[in-house]
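Structure at a glance
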Amino acid sequence: EPEVTQTPSHQVTQMGQEVILRCVPISNHLYFYWYRQILGQKVEFLVSFYNNEISEKSEIFDDQFSVERPDGSNFTLKIRSTKLEDSAMYFCARGNRGRGGELFFGEGSRLTVL
Amino acid sequence: AQSVTQLDSQVPVFEEAPVELRCNYSSSVSVYLFWYVQYPNQGLQLLLKYLSGSTLVESINGFEAEFNKSQTSFHLRKPSVHISDTAEYFCAVTHKAAGNKLTFGGGTRVLVKP
């Protein structure tokens, strides 16, 4: 049973459209992360989110991206205007600070931008 | 800045044969090291981790990895693989100040043949 559940598992969208990827943890946690993996490339850190605020973001995480936890449970990643190069597998993870970086990943959401 | 290099992108191996997946890292500070496994159509699962203490760490399914500070390596080994070990394996590094922001290697795809 995954620690976090991600939806959708696969989304196909047209370039320029908005996409929202969702992540639901099994239990209540404070630390959340988004990573992505472009096909054939490394898994890359996008953003970390602690106590309802962004704690760190990478260079990839530009103004087109946003994260929020609108209802205290779901954790979402929004891409405002998708580009072809946003096509990737997006992984949500939850973690516990103080446990040395151990992350528990969801099964991923595959985004295909046409 | 940290980086992780997994020298082998693919490793074919016969069932019951040993396997070694190589991982080298670079970092200017003390590190925490991880191996994650991704089975087909699934998310990333933690296989094992090195935080401190004994340099040899083991997983519950027979994998082990050894932290070698002088060689900046964290190679993963299993003395006898099973068909079910077919997966992609990712080495990752972080350090105390980075929290749970992991830097991943490019992954090694292990294909176990009968």
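Please refer to the structure placed before this passage.
Below you will find a few notes about this structure.

Scoring rules and cut-offs
- Residues numbered from 1 in each chain as written.
- Chains lettered and ligands numbered in written order.
- Predicted model: local features only at pLDDT ≥ 70, side-chain atom pairs only at ≥ 80, totals over all residues.
- Heavy atoms only, no water.
- Phe/Tyr/Trp six-rings, centres within 6.5 Å; stacked < 30°, edge-to-face > 60°.
- Helix = DSSP H or I, 4+ residues; strand = E, 2+ residues; numbered from the N terminus.
- Buried < 20%, exposed > 50% of the residue type's maximum accessible area, 1.4 Å probe, protein only.
- Pairing = 2+ DSSP bridges.
- Axes fitted to C-alpha atoms, helices over the stretch in contact; angles between N-to-C directions.
- Lys, Arg positive; Asp, Glu negative; His and termini not counted.
- Salt bridge = Lys/Arg side-chain N within 4 Å of Asp/Glu carboxyl O.
- Contact = heavy atoms within 4.5 Å.
- Disulfide = S-S within 2.5 Å.
- Core = buried A, V, L, I, M, F, W, Y, C linked by side-chain atoms within 4.5 Å.

What to know about the packing of aromatic side chains
- The tally for this structure, following the rule as stated, stands at 17 aromatic pairs over all chains.
- When the centroid spacing of 6.2 Å and the interplanar angle of 70° are considered together, the rings of Phe105(A) and Phe104(B) count as edge-to-face. Pair noted here: Phe105(A) is in strand E10 (residues 103–105) and Phe104(B) is in strand E11 (residues 103–104), and the two residues belong to different chains. By the burial criterion, Phe105(A) is buried, and Phe104(B) matches it.
- Members of the aromatic cluster, connected to one another through ring pairs, are Tyr35(A), Phe45(A), Phe91(A), Phe105(A), Phe34(B), Tyr36(B), Phe90(B) and Phe104(B).

What to know about the sheet that holds strand E8 (residues 75–79) of chain A
Residue and element names in this part refer to chain A.
- Pairing within the open sheet is antiparallel, and its four strands lie in the order E1-E3-E8-E7. Each end of this open sheet is capped by a strand with a single partner; those strands are strand E1 (4–7) and strand E7 (65–68). Each strand of the sheet is rotated relative to its neighbour by a mean of 15°, with strand direction disregarded.
- Where strand E3 (residues 19–25) lies against E8, five bridges are found, and the strand directions are antiparallel. Following the sheet pairing, Leu-21 is matched in E8 by Leu-77.

Topic: the side chain of Asp86(A)
All names here are of chain A.
- Tracing the backbone through its elements, the reader meets Asp-86 in the loop between E8 and strand E9 (88–95).
- Among buried charged residues, Asp-86 stands out as having no salt bridge; its nearest opposite-charge side chain is Arg-36, 4.1 Å away.
- Setting aside residues no more than four positions away along its own chain, Asp-86 makes contact with Arg-36, Phe-65, Ile-79, Ser-81, Leu-111 and Val-113.

Considerations on the environment of Val37(B)
Residues and elements named next belong to chain B.
- Topologically, Val-37 is positioned in strand E5 (residues 32–38).
- Val-37 gets classed as buried once you look at its relative accessible area, which sits at 2%.
- In this structure, the C-alpha to C-alpha distance between Val-37 and Ala-87, residues 50 residues apart in sequence, is 6.6 Å.
- Sequence-distant contacts of Val-37, defined by excluding residues within four places in its chain, comprise Gly-43, Leu-44, Gln-45, Leu-47, Ala-87, Glu-88 and Tyr-89.

Observations concerning unusual backbone geometry
- At the junction of Thr7(A) and Pro8(A), the peptide bond is cis and its omega measures out at -10° in the coordinates.
- Turning to its location among the elements, Pro8(A) is positioned in the loop between E1 and strand E2 (10–13).
- Backbone geometry at Glu16(B) places phi at a positive 75°, although glycine is not the residue there.
- Mapped onto the elements, Glu16(B) comes out in the loop between strand E2 (10–14) and strand E3 (19–21).
- Glu16(B) sits in the exposed class, given a relative accessible area of 63%.

So, the state of the cysteines
- As enumerated under the stated definition, the model contains two disulfides over all chains in all.
- Shown here is the disulfide that connects Cys23(A) with Cys92(A), its sulfur atoms set 1.9 Å apart. Classification of the bridge connecting Cys23(A) and Cys92(A) rests on its S-S torsion, roughly -65°, and on that basis the disulfide is left-handed. Of this pair, Cys23(A) sits in strand E3 while Cys92(A) sits in strand E9, and the two are 69 residues apart along the sequence. Summarising the burial analysis for this pair, Cys23(A) and Cys92(A) share the class buried.
- Across a sulfur-sulfur distance of 1.9 Å, Cys23(B) and Cys91(B) are joined as a disulfide pair. Taking the torsion about the S-S bond as the criterion, the Cys23(B) to Cys91(B) disulfide, at about -65°, is left-handed. With Cys23(B) in the loop between E3 and strand E4 (24–26) and Cys91(B) in strand E10 (residues 87–94), this pair connects stretches of sequence that are 68 residues apart. No difference in accessibility class separates Cys23(B) from Cys91(B), as the two residues are buried.

A look at the nonpolar core
Residues and elements named next belong to chain B.
- In terms of nonpolar packing, the biggest core is built from 28 residues, with Trp-35, Leu-48, Phe-74, Leu-76 and Tyr-89 touching the most fellow members.
- Of all the elements in the fold, those that place two or more residues in this core are E2, E3, E5, strand E6 (44–50), strand E8 (64–68), strand E9 (73–78), E10 and strand E12 (108–113).
- Per-element tally for this core: the top contributor is E10, with four residues.
- Contact partners of Leu-76, with chain neighbours within four places excluded, come to Val-19, Glu-20, Leu-21, Trp-35, Leu-47, Leu-48, Phe-63, Glu-64, Ala-65 and Tyr-89.

Some points on the side chain of Thr76(A)
Residues and elements named next belong to chain A.
- Residue placement: Thr-76 occurs in strand E8.
- Take Thr-76: its relative accessible area is 7%, and that puts it in the buried class.
- If sequence neighbours within four positions are ignored, Thr-76 has contacts with Ile-20, Leu-21, Arg-22, Trp-34, Ser-66, Val-67, Glu-68 and Pro-70.

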